[in-house]
Amino acid sequence: VQLQASGGGLVQAGGSLRLSCAASGLTFSRYGMGWFRQAPGKEREFVAAFSWNGSTNYGDSVKGRSTISRDNAKNTVYLQMNSLKPEDTAVYYCAAGRGVLVRVGTYDYWGQGTLVTVSS
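Asks: Which residues make up the environment of R103, and what are the values?
Replies: Note on placement: R103 falls in the loop between β9 (90-97) and β10 (107-110). According to the relative accessible area criterion, R103 is exposed, its value standing at 53%. Residues R103 and M33, spaced 70 residues apart in sequence, show a C-alpha to C-alpha distance of 12 Å.

Asks: Please give an account of the environment of S24 that cites residues and values.
Replies: Secondary-structure assignment places S24 in strand β3 (residues 17-24). On the accessibility criterion, S24 (34% relative accessible area) is partly exposed. Along the sequence, S24 and R44 sit 20 residues apart, while their C-alpha atoms lie 23 Å from each other. Sequence-distant contacts of S24, defined by excluding residues within four places in its chain, comprise V1 and Q2.

Asks: Run through the sheet that holds β3, naming residues and quoting values.
Replies: Reading across the sheet, the four strands line up as β1-β3-β8-β7 and stay open at both edges, with antiparallel pairing between neighbours. The open sheet has two free edges, formed respectively by β1 (2-6) and β7 (66-71), since each of these has just one partner strand. Averaged over neighbouring strand pairs, the angle between their axes works out to 15° when direction is ignored. One ladder, built from six bridges, connects β3 with strand β8 (residues 76-81); its direction is antiparallel. Each bridged residue has a counterpart across the sheet, and for R18 the counterpart in β8 is Q80.

Cut-offs and rules
Residues numbered from 1 in each chain as written. Predicted model: local features only at pLDDT ≥ 70, side-chain atom pairs only at ≥ 80, totals over all residues. Heavy atoms only, no water. Helix = DSSP H or I, 4+ residues; strand = E, 2+ residues; numbered from the N terminus. Buried < 20%, exposed > 50% of the residue type's maximum accessible area, 1.4 Å probe, protein only. Contact = heavy atoms within 4.5 Å. Pairing = 2+ DSSP bridges. Axes fitted to C-alpha atoms, helices over the stretch in contact; angles between N-to-C directions.

Right, dumping it as structure tokens:
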């Protein structure tokens, strides 16, 4: 199984980014897909998830500013982030799992991460 995250970069505060995560080696439609982030010196934090049956969930820190979507035909999950803030700076990871999607321990597979840096 491989999860390849992309789309990170340097953006000014107030800007937008769209992260992508392409999955291979698994039956994508049967997995919940999540995004987490980890800033230096901090624990990995739940950002958003899209369940196999279509429900979505967002962490409080990004709620109202981010949208998760998935394309099962392309085995890809996306995270659109708007109104970015310096505190959004982190490595963003995508993951595939089943169960309670807000929990790190739920996930079976993780991508390598993509760095998002938001300048003030």
